[in-house]
Structures are given as structure tokens and as C-alpha cells.
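# What the coordinates show
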Amino acid sequence: MYIKHNALTIASAEEGDLPELEALYREACGYLKFDTERPLCPPAQCLSGGELPMGGTLANYDLLTIRVGDTMIGSASVYRDLPNTRNVRLLSRYIGQPARGFGSGTQAMEMLRGYFLSTNYETMTARVPLRSWGALRFFDRQGFRTVLELKAPGDIAEGRFGCVELGCNLKAAALRIKNTIV
């Protein structure tokens, strides 16, 4: 996969990206340590399909890099055709601390939505930790407004916060940019 808009590029990860992906992974583990229900997959394991859902195939999985120019600012992973052939699931996403607050995450999400809409997908889903108010607001602004599942095991006293799976109808979501798909 390769998507480019202005200076932002989203591309399938390769072995040569591992050092930068590992640095982002270490940062993300510290930032998302409260999400005990979904531990992050190490990048080397992700490249070999470590994040596949039960019964999933590597052909439907993609670990992505997000760059501004030559600088990797984030990563994401997606799984296509789950639970049906018109859905793509955003398994993980992370924008590094120095790049947050400048619209890169919003632009990357718009690019992903546009790409998958142009390749005949109808919906995108994402699991969001309930503790992360900022992430919940972000996904709401991106059109993820359908609650598909709520998981709230244990209680907050145990350090378990739960998560919500949200859905976005790609056709209904406002597409504000045109992607260059190569």
C-alpha cells in the first residue's frame, strides 16, 4: 500500500523500517500502558503477521509507516475483510509525541479512509481504550460514531479500563482531500 498527500506518506512497512518502528513502539508502550486488554505487538512480530485475528491470513494484514518527508512520525496496522469483505479494521495506530497536535493524525486518517473507500470498502472499525478521552474524541471527529462492541472487564480499581469498538461508514464520512494512490 502506498498513499501520498502533500508531505505525508503512508506505506507498507518493510524490514528496513524496523529501527524507526521499534523506537515508536517503545514510546507507544509507555503512552498506552493503561490498555492492558490489548498489548501492542512488537514491529518485527507484526511484519510476520503477529497481529492477525484468529483465523486471519497474512494476505489481509498490513503494517504501515506514516512519514512526513523522510521522517517516520507514526505507524498503523490494518486488517481487511473482517468481519466481512467490505470492512477494514484499524488494529493499531500511533503518532509519535513530537508530531502530535499538528494535524498529521487527522490527515493520515483522512488518507486511510479515502484509500479504502476508493478500493470498495464500505466501513472501517477501530477499538479505542475507554480511558483515552483524547482518542475517543479524535475518532468521533473522524466519523467513528457507531458503537459496535463495549468491553469492560473487571473494574477501574484493578487497573482495567475496557475499550469500545467503533465503526465508520466510509461513504458517509466527509472526505476532504484527494489521495494519490500508486
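Positions within a chain are numbered from 1, following the residues in the order the chain's sequence is written. The predicted nature of this model means local features are confined to residues of pLDDT at least 70 and side-chain atom pairs, given and counted, to a pLDDT of 80 or more, with totals for whole chains, interfaces and linings taken over all residues. The basis for every side-chain value is the complete set of heavy atoms in the structure, and neither hydrogens nor water enter the calculation.

All right, on to the overall build of the protein then. What the protein contains, in helices and strands, is four helices and nine strands. Secondary structure elements are defined from DSSP: runs of H or I of at least 4 residues count as helices, runs of E of at least 2 residues count as strands, and each element is numbered from the N terminus. When the helices and strands of the protein are read in sequence order from the N terminus, they spell out β-β-α-α-β-β-β-α-β-α-β-β-β. A burial count over the protein gives 45% of its 182 residues as buried. Contacts between residues were defined by any pair of non-hydrogen atoms, one from each residue, lying within 4.5 Å. Restricting to contacts in the protein with at least 6 residues of sequence separation, those with at least 24 account for 61%. Here the protein has roughly 9500 Å² of accessible surface; of this, 54% comes from carbon and sulfur atoms. Exposure categories follow from relative accessible area, calculated using a 1.4 Å probe and restricted to protein chains: below 20% of the type maximum is buried, above 50% is exposed, and the middle band is partly exposed. Throughout, the Shrake-Rupley method with a 1.4 Å probe supplies accessible areas, and for residues the shown protein chains are the sole cover considered.

Our focus in this paragraph is the pattern of salt bridges. Between side chains of opposite charge, pairing is possible as soon as their charged atoms come close. The salt bridge criterion pairs a side-chain nitrogen of Lys or Arg with a carboxyl oxygen of Asp or Glu, the two atoms within 4 Å. For the structure on display, the rule yields six salt bridges. The partner of glutamate 20 in a salt bridge is arginine 67, with the nearest N and O atoms 3.0 Å apart. With glutamate 20 in helix H1 (residues 18–31) and arginine 67 in strand S3 (residues 61–68), the pair connects residues that are 47 residues apart, well separated along the chain. Of the charged contacts, one joins glutamate 165 and arginine 127 as a salt bridge, the two residues approaching to 2.7 Å between their closest N and O atoms.

Let us now look at the confidence of the model for the protein. Think of pLDDT as the predictor's per-residue confidence, scored from 0 to 100. On average, residues of the protein score 82 in pLDDT, and 85% of them are at 70 or above. Ignoring residues within four places in sequence, the model shows residues 174–182, a span with pLDDT below 50, making 24 contacts including any to other chains.

Attention now moves to the nonpolar core. Here, the term nonpolar core denotes a set of buried Ala, Val, Leu, Ile, Met, Phe, Trp, Tyr and Cys residues that are joined through side-chain atoms within 4.5 Å. Counting 32 residues, the largest nonpolar core has Phe116 and Phe139 as the members making the most contacts within it. Residue assignment for this core shows that the elements contributing at least two residues are strand S2 (8–12), S3, strand S4 (71–80), strand S5 (87–95), helix H3 (104–118), strand S6 (123–129), helix H4 (133–141) and strand S8 (163–169). Among the elements that make up this core, the one with the highest residue count is H3 (six residues). Non-local contacts of phenylalanine 116, meaning those with residues more than four positions away in its chain, are made with Met1, Val78, Arg80, Val88, Tyr121, Met124 and Leu170. Among the nonpolar cores identified, the runner-up in size contains twelve residues, and Ala13, Leu21, Ala28 and Cys46 belong to it.

What counts as a ring pair is set by centres within 6.5 Å for rings of Phe, Tyr and Trp (its six-membered ring), and what kind of pair is set by the plane angle: stacked under 30 degrees, edge-to-face over 60, tilted for all other angles. This structure, assessed with the given rule, holds four aromatic pairs. Pairing phenylalanine 116 with tyrosine 121 gives two aromatic rings, centres 5.6 Å apart and planes at 85 degrees, and the pair type is edge-to-face. An aromatic cluster of at least three residues, connected via ring pairs, comprises Tyr115, Phe116 and Tyr121.

So, on to the pairing of S5. It is a general feature of regular strands that their side chains alternate between the two faces of the sheet. The buried fraction of S5 amounts to seven of the nine residues, a majority that puts the element mostly inside the structure. In this analysis, strands are considered paired if DSSP registers two or more bridges between them. Two strands pair when backbone bridges link them, and S4 and S5 are joined in this way by seven bridges, in the antiparallel orientation. Its bridge partner lying in S5, valine 78 is registered against leucine 90. Connecting S4 to the next strand, S5, in antiparallel fashion are six residues, including aspartate 81 with a positive phi near 70 degrees. Summarising the sheet, S5 and S6 pair through four bridges and their orientation is parallel. Bridge pairing links valine 88 to methionine 124 in S6.

Moving on, we come to the environment of valine 78. For valine 78, the position within the fold is in strand S4. A sequence separation of 47 residues divides valine 78 from threonine 125, and the C-alpha atoms of the two residues are 9.7 Å apart. If we skip the residues at most four places from it in the chain, valine 78 touches Asn60, Tyr61, Asp62, Leu64, Val88, Arg89, Leu90, Leu91 and Phe116.

Let us now look at H3. Here, expected helix span is obtained from the residue count minus one, scaled by 1.5 Å. Along its 15 residues, H3 runs 21 Å from first to last C-alpha, staying within 8% of the 21 Å computed at 1.5 Å per residue. Most of H3 is tucked away: eleven of the 15 residues are buried. Along H3, the positions that sit buried rather than exposed are Ser104, Gln107, Ala108, Met109, Glu110, Met111, Leu112, Arg113, Gly114, Tyr115 and Phe116.

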